[in-house]
Amino acid sequence: MDAGGAAPASATAAASTFAPSVWGDFFATYVPPPTQMSEEWMRERVNELKRRVGRMFKDGEAMAGVAETVALVDTLQRLGLDSHFREEIAASISRIHVAGEGRREFAGSDDLHVAATRFRLLRQHGFWVSADVFDKFRDGAGNFCATDNARVLLSLYHAAHMAVPGESALDDAIAFARRHLQAMKCKLRSPAAEQVSRALDHPLPRYTRLLETMHYVAEYGQEEAHDSTLLELARLNSNLMRSLHLKELKALTMWWRDIYDAINLPYSRDRIVETYLWCCGMIPEEENSRGRLIFTKTFGILSLLDDTFDVHATLEECRRLNEAFQRWDENAVSVLPKYLRTLYIKTLCNFKEFEDLLEPHEKYRMSYAKKAFQLQMEYYMQEAEWTNGKYQPSFEEHEELSSMSTGLPMLNLMALMGYDGAVATQELFDWMSTPAPDVVRAGAVIGRFLNDISSYKLGKSKNDVDSSVECYMQEKRVTGEEAVAAIAAMTEHRWRVLNQACMETDRALLPGVQLVASIARTCEVIYLRGRDGYTFGSHAKDLVTALFLDTIPL
């Protein structure tokens, strides 16, 4: 995928461009250490603990006010348990939204931590709440009242990152909280010190949920007010999720080795583990196993095609490859050079296997998937035309094409292919398809800009159309540092567009918006501080180790 940060060489490059896989076949043969308890016992215990947590929502005293409600909901989300309690959480969020507007005792209005957490949760769940709730925490000059409470500052910092375009008051909140958090982070004890450092890199609304869960499961037990039932449930759930993820990763590694070796394109990236990391960051829940398999396989195939268009194929070969995919017929293989025929046939075969995974009433989704894939080939073809024609696009033209060529809009649809029909309706597929709605484009722009900033900082050689950073430098006649700052500001704006979409989109379409945001959050992790955890597998090695190999205590 282009968003993976390909480092294009000339169109006739023949040698391998990318480093070999960091992991090779490791996960195909990896046997995790035995656990003290069987999976059957853990699942039975999880069900028992879930019943206990369910009773917490029904306990009138425990859920009497907003403080108790937001604490439970926020803890469940950060521990990765919210998927087990969707109905209870939805009811609780609705209750604090409606009742909080008119009942002071339920609004938690005098506690900044509570007010900020309520604000963030409501906006994340699609409910509008005004930033005016923070006015009472400012002094006469409009500045936030000083505090040295890291928990309060973190809550404000996280909440303010749910800002929408034009909310300058929340810019002040971010600057205030960040300044104080940076000043105190070296003085804090564990786990507050780690939480602050993590937040300064990734505020919660922009952090991959699976990574936050990994950290918070280890940290939650150190909190004085932690609940032993929630802690035990989180540990068991994390172990069960790990077991499932490793089984999927083993199957995908074996699938990839077969297809990668059969296709035999040594110039292409061998990154199936990093691809699965990307996918798990988006949709880690057990119920999304089918979606993960479809997404990861499509991503892997797309990466092979991206590298073919970018670093190896001649312009004429690119045209033939695009022509074959527009025909979507095995007989079209005859128009291709021999070295691309297996790639073409394998792609069609895998799409047929995707269709076999769908229930009869879900088969209609394949038409959306094929159309999106064919459109992706058109984007690659347009970039190849620009490259070979030495065309210098305007920054606006570059953004328009390169954001779509990331593959993210298409991959959104491929992930939805695996969703349950009650969530992924035909209405949602219609809405997310061509022409892509603004929110889908915003998510793609975030991926493109983060990738291009990383590419620029890494100093990768590019012989094709310039990246967005280089294009901006030339058009605006500014330095690289100035261009990076400007594009970072544009990235921030797109995040605010996503936030706004969460609150303004019809609730039947909200799962699509949330999926777009999930992919964007993973991009933030992959490209943190200028690294590229996809193209350079070594950049993501520690993340893979932490998520799939490090021990989770029971």
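So, here's what we can say about the structure. What you see is a predicted model; the values in this text were computed from it and never measured.

About the cut-offs
- Residues numbered from 1 in each chain as written.
- Predicted model: local features only at pLDDT ≥ 70, side-chain atom pairs only at ≥ 80, totals over all residues.
- Heavy atoms only, no water.
- Axes fitted to C-alpha atoms, helices over the stretch in contact; angles between N-to-C directions.
- Helix = DSSP H or I, 4+ residues; strand = E, 2+ residues; numbered from the N terminus.
- Parallel < 35°, antiparallel > 145°, perpendicular 65-115°, else oblique.
- Left-handed = near helix turned anticlockwise from the far one by under 90°.
- Contact = heavy atoms within 4.5 Å.
- Core = buried A, V, L, I, M, F, W, Y, C linked by side-chain atoms within 4.5 Å.
- Buried < 20%, exposed > 50% of the residue type's maximum accessible area, 1.4 Å probe, protein only.
- Expected span 1.5 Å × (residues − 1).
- Phe/Tyr/Trp six-rings, centres within 6.5 Å; stacked < 30°, edge-to-face > 60°.
- Lys NZ or Arg CZ within 6 Å of the ring centre and 35° of its normal.

1. Brief notes about the packing of helix α16 (residues 365-388) against helix α17 (residues 395-405)
At a closest axis distance of 9 Å, the pairing of α16 and α17 adopts a crossing angle of 135°. The angle between the axes of α16 and α17 places the two elements in the oblique class. Crossing of α16 against α17: the hand is left-handed. Between α16, through Gln 376, Tyr 379, Tyr 380, Gln 382, Glu 383 and Trp 386, and α17, the contact on the second element is made entirely by Glu 397, His 398, Leu 401, Ser 402, Met 404 and Ser 405.

2. Examining the nonpolar core
The tendency in soluble globular proteins is for nonpolar side chains to be buried as a group. Formed by 107 residues in total, the largest nonpolar core has its most connected members in Trp 278, Phe 373 and Phe 548. Ranked by the residues each element gives to this core, the list is headed by α16, at 11 residues. Filtering out sequence-adjacent residues up to four positions away, Phe 373 remains in contact with Ile 301, Leu 302, Leu 305, Phe 325, Trp 328, Thr 347, Phe 351 and Met 410. In this structure, Phe 144, Val 152, Leu 231 and Leu 236 belong to the second largest nonpolar core, which totals 59 residues.

3. Digging into helix α14 (residues 315-327)
Helix length check: α14 (13 residues) gives 19 Å between terminal C-alpha atoms against 18 Å at 1.5 Å per residue, within 8%. Considered for burial, the residues of α14 that qualify are Leu 315, Glu 317, Cys 318, Leu 321, Asn 322, Ala 324 and Phe 325. Looking at the packing, one finds that the buried side of α14 touches α13 (289-312), α15 (338-357) and α16. Downstream of α14 by a residue or two, Trp 328 has a phi angle that is positive, lying close to 50°.

4. Here's the deal with the packing of aromatic side chains
Working definition: an aromatic ring pair is given by the centre-to-centre distance plus the angle between the planes. Under the counting rule described, the total for this entry stands at 32 aromatic pairs. Aromatic pair Phe 325 and Phe 373: ring centres 5.3 Å apart, planes at 55°, arrangement tilted. With Phe 325 in helix α14 and Phe 373 in helix α16, this pair connects stretches of sequence that are 48 residues apart. Grouping residues by exposure puts Phe 325 and Phe 373 together as buried. On the basis of an interplanar angle of 80° and a centroid distance of 5.1 Å, the ring pair of Trp 328 and Phe 351 is categorised as edge-to-face. Taken together, the positions of Trp 328 in the loop between α14 and α15 and Phe 351 in helix α15 put the pair 23 residues apart, joining distant regions of the chain. A single burial state applies to Trp 328 and to Phe 351, both of which are buried. Sitting above the plane of the Tyr 216 ring, Arg 78 keeps its charged end 4.0 Å from the centroid. Its guanidinium or amino end placed over the ring of Phe 127, Arg 507 lies 4.7 Å from that ring's centre, counting from NZ or CZ.

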